[in-house]
Amino acid sequence: MKYKAIAQAMVGACHDVLQPRYKEYILANHDDYPHTLTFKVGRGMKTYHVRKREDNRHIITFGIKMVECKSKSQRYASTWLTAKEILNKGYVNADLTFANLLIHTIVHEYSHYRQVLEGKRFARSVHNHHFYKVMDGLYSDGLYEALLDYFQSHPDLKALSYEDDSVFDTLNQTKNDFRVGDTVAFTGRISAARGFPAQFGVQLEGEVARINQKTLTVKTKCPLSFRPLKYRLLPQTITIKD
């Protein structure tokens, strides 16, 4: 799979769909804030929006490693926040295809840009109510359909699929299917620690420590950490071990 070509095509979607679609809106609502918005491909995992305060440049970066990681499988993709938004909030009809995940990634980062323009992004409150209000508005405006049309007509985007095409058999699970103390398996990430690099897509096992309003807290041991690691996971992303 050509990860760089896919990331470049995502940048193309932003230039060809996002900017023309909202140019008049930005001019009409933020004409007192001269700024630029550019899109680029990054070499690493990070995919993010940033504002350069010195000259009011806004930059959205799509990481090649992000594309690679999200392409592995539906189960591994589900560990990303963007996938959890699809499953938990019902965006794109809660249909976690690889194409839908990349489209939602574009919408997610563009929502951060609009959130910053409106002065509603704060140091300890990034994915806040206003952020999701912006995102809801973009979906209601038909942005998903416009991006989907672009994806379906682009040679590098029209036939996207996960490298492992096995589908979740757990999508209909809810927190009520679990009990505290259950042994479960899931795919997760381990942060860099004690001289070891971060690890992605690691198959982990743990124990359900707490059942939250929408998620489960799972505690697992890790050889790179003295303390047990805790993960907050959606029920759909966990398999109960026999």
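Computed from a predicted structure; not experimentally measured.

Draft legend 1. Summary view of the nonpolar core. The biggest cluster of nonpolar side chains holds 56 residues, and the ones touching the most others in it are Met10, Phe62, Ile106 and Phe151. In terms of residue count, helix 1 (residues 3-29) provides more of this core than any other element does, 12 residues in total. Those residues in contact with Met10 that sit more than four places away from it in its chain are Phe62, Met66, Val67, Leu102, Thr105, Ile106 and Phe151. Val208, Val218, Tyr231 and Ile238 belong to the second-largest nonpolar core, a separate cluster that totals 11 residues.

Draft legend 2. Broad picture of helix 2 (residues 64-71). Here helix 2 lies mainly inside the structure; 7 of its 8 residues are buried. On its buried face, helix 2 is in contact with helix 1, strand 1 (36-42), strand 3 (57-63), helix 3 (74-77), helix 4 (81-89) and helix 5 (98-117).

Draft legend 3. Inspection of the packing of helix 5 against helix 6 (residues 129-140) at higher detail. Where helix 5 contacts helix 6, the two axes come as close as 9 Å, and the packing angle between them is 125°. The pairing of helix 5 with helix 6 is recorded here as oblique in orientation. The interaxial crossing formed by helix 5 with helix 6 has right-handed handedness. Across from His104, Val107, His108, Tyr110, Ser111, His112, Arg114 and Gln115 in helix 5, the residues of helix 6 making contact are His130, Phe131, Val134, Met135, Leu138 and Tyr139. Tallied by class, residues from the contact of helix 5 with helix 6 come to 7 nonpolar, 6 polar and 1 charged.

Draft legend 4. Region of the structure containing the packing of helix 1 against helix 7 (residues 143-153). Running from N to C, helix 1 and helix 7 point in directions that differ by 140°, and their axes come no closer than 10 Å. It follows that helix 1 is oblique to helix 7 by the angle criterion. Along this stretch, helix 1 crosses helix 7, giving a crossing that reads as right-handed. Residues Ala9, Met10, Gly12, Ala13, Asp16, Val17, Leu18, Arg21 and Tyr22 of helix 1 lie in contact with helix 7, whose contacting residues are Leu143, Ala146, Leu147, Tyr150 and Phe151. Looking at the contact of helix 1 with helix 7, its residues break down into 11 nonpolar, 1 polar and 2 charged.

Draft legend 5. Region of interest: the side chain of Asn128. You can see Asn128 is positioned in the loop between helix 5 and helix 6. Look at Asn128 and you get buried, because its relative accessible area is 11%. One polar contact links the side chain of Asn128 to the main-chain carbonyl oxygen of Ser125, over a distance of 2.9 Å. Non-local contacts of Asn128, meaning those with residues more than four positions away in its chain, are made with Gln115, Lys120 and Phe122.

Draft legend 6. Structural view of the side chain of His30. One can find His30 in the loop between helix 1 and strand 1. With relative accessibility at 11%, the residue His30 sits in the buried group. Non-local contacts of His30, meaning those with residues more than four positions away in its chain, are made with Leu117 and Glu118.

Draft legend 7. Geometry of the layout of surface pockets. Here the largest pocket defines a volume of roughly 360 Å³. Forming the walls of the largest pocket are 19 residues, and the residues nearest its centre are Thr47, Trp80, Leu81, His108 and Glu109. Those elements that place two or more of their residues in the lining of the largest pocket are strand 2 (48-52), helix 2, helix 4 and helix 5. The leading source of residues in the lining of the largest pocket is helix 5, at 4 residues. Considered class by class, the residues forming the lining of the largest pocket number 6 nonpolar, 8 polar and 5 charged.

Draft legend 8. Region of interest: the sheet that holds strand 1. Read across the sheet, 3 strands follow the order 1-3-2 without closing on themselves; strand pairing throughout is mixed. On the outer flanks of this sheet lie strand 1 and strand 2, each paired with one strand and no other. Along the sheet, successive strands turn relative to each other by an average axial angle of 25°, direction set aside. With 5 bridges joining them, strand 2 and strand 3 adopt antiparallel strand pairing. Its bridge partner lying in strand 3, Lys52 is registered against Arg57. This element, helix 1, spans strand 1 and strand 3 of the sheet and lies at about 160° to strand 1. Packed onto the sheet, helix 5 meets strand 1, strand 2 and strand 3 and runs at close to 160° relative to strand 3.

Draft legend 9. Representation of unusual backbone geometry within the structure. One non-glycine residue, Val92, lies in the positive phi region at around 45°. Structurally, Val92 is set in the loop between helix 4 and helix 5. For Ala94, which is not a glycine, the phi torsion comes out positive at approximately 55°. With respect to the element layout, Ala94 can be found in the loop between helix 4 and helix 5.

Conventions used here
Residues numbered from 1 in each chain as written. Predicted model: local features only at pLDDT ≥ 70, side-chain atom pairs only at ≥ 80, totals over all residues. Heavy atoms only, no water. Core = buried A, V, L, I, M, F, W, Y, C linked by side-chain atoms within 4.5 Å. Buried < 20%, exposed > 50% of the residue type's maximum accessible area, 1.4 Å probe, protein only. Helix = DSSP H or I, 4+ residues; strand = E, 2+ residues; numbered from the N terminus. Contact = heavy atoms within 4.5 Å. Axes fitted to C-alpha atoms, helices over the stretch in contact; angles between N-to-C directions. Parallel < 35°, antiparallel > 145°, perpendicular 65-115°, else oblique. Left-handed = near helix turned anticlockwise from the far one by under 90°. Nonpolar A, V, L, I, M, F, W, Y, C, P; charged D, E, K, R; others polar. Polar contact = N/O pair within 3.5 Å; in protein donor to acceptor, adjacent residues only side chain to side chain. 1 Å grid on protein atoms, 1.4 Å probe; cavity = no way out; pocket = protein on both sides within 12 Å on 5 of 7 lines; lining within 4 Å. Points joined across faces, edges and corners; volume = space filled by probe spheres on them. Pairing = 2+ DSSP bridges.

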